[in-house]
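Each chain, letter by letter, is given below.
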Amino acid sequence: MGEKRIRPVIKVIEPLRMSDGVGVKVRRSIGTPSLSYLDPFLQFDHFGSRNPEEYQRGFPMHPHRGLETITYVLAGKVKYKDNLGKKEEIITGDVQWITAGRGVIHEEMPQGIGNHMEAFHLWVNLPASLKMCPPRFQEIKDAKIPWMNPMKGVTVRLIAGQIGDVVGPGTGMAGNLLLMDITVDCDHVFHYEIQHDLTAFAYIFKGSGEYCGTNIEPLRMVVFGEGDYVSIKGGLQRTRSLLVAGKPLGEPVARFGPLVMNTNEEIEQTLREIRNQTFPNSK
Ligand code: FE2
């Protein structure tokens, strides 16, 4: 066994400010012209505002097929309902993890608390073998997500993945996913080993810090290159970020908005089903 190598920062991404849904202002760092796909991650949005005009018209009914969607609410809530009769509120600290598989049609409506709303929304691709699986829902309530102090000056909310013997509540996903909300105090350091064959990135949303030796401002995404571990060091203030990793699929991607398949024929077929109103219950 050789010495463990740090995963260098190979890309720093300034999110694109854009609107999605009905006038929802998002900061998108994956799923843009400059980074259309970071296998297996299709889209990553940070949205948040104290102005309800920038989020409250939300994401009305739309279909998904062939991917997983993960919503992590930092402030406010997202009111959710779908074609399967599911209705829920994802509130501050909660995570909603949907494996859309062969299909879900749903609505996601953000609401502020005292006008403040902030959340992350991540789309993860499914392998061909699972694109048409039955939909699966994981409602991960705030209280079920462990708070950990793996090192002095380091606080982690472990949503999916493992630290020591502790396994995060988000399990059974296709991609061997890792998802952590990490805060590192000034001059403290967090080291974490990430299997070398996983794609890994961090999104810094509060306080600058040193990510694998590179100083990064807030509201930036960094993509990590090859190696064995990442390190996060607090800057002048504590730095807070999401650390995400997943196994690349290495499969062809055909996408049409929230429908993500392997071939254009499969997309055409899905659009036919939507037109014929046989989506998502047909094969
Ligand atoms: Fe959606």
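Cut-offs used in this document
- Residues numbered from 1 in each chain as written.
- Predicted model: local features only at pLDDT ≥ 70, side-chain atom pairs only at ≥ 80, totals over all residues.
- Heavy atoms only, no water.
- Helix = DSSP H or I, 4+ residues; strand = E, 2+ residues; numbered from the N terminus.
- Contact = heavy atoms within 4.5 Å.
- 1 Å grid on protein atoms, 1.4 Å probe; cavity = no way out; pocket = protein on both sides within 12 Å on 5 of 7 lines; lining within 4 Å.
- Points joined across faces, edges and corners; volume = space filled by probe spheres on them.
- Nonpolar A, V, L, I, M, F, W, Y, C, P; charged D, E, K, R; others polar.

Engineer: I keep staring at the environment of Gly235 and nothing clicks. Help me out?
Structural biologist: Along the chain, Gly235 turns up in the loop between strand S23 (229–234) and strand S24 (239–246). Considering only alpha carbons, one finds Gly235 and Tyr211, 24 residues apart in sequence, at a separation of 9.9 Å. The residues contacting Gly235, other than those within four sequence positions of it, are Cys186, Asp187, Ser208 and Gly209.

Engineer: Is there a simple way to think about the layout of surface pockets in this case?
Structural biologist: A water-sized probe rolled over the atoms picks out the places where empty space is left. In this structure, the largest pocket encloses a volume near 280 Å³. What lines the largest pocket is a set of 17 residues, and nearest its centre among them are Gly161, Gln162, Asn176, Leu177 and Leu178. Classifying every residue of the lining of the largest pocket by side-chain character gives eight nonpolar, eight polar and one charged. The computed volume of the second largest pocket comes to approximately 240 Å³. In terms of lining residues, the second largest pocket is bounded by 14 residues, among which Asp20, Phe59, His62, Trp123 and Pro258 are the most central. Listed by contribution, the elements that provide at least two residues to the lining of the second largest pocket are strand S4 (41–49), strand S5 (59–64) and strand S11 (117–125). With four residues, S5 is the largest single contributor of residues to the lining of the second largest pocket.

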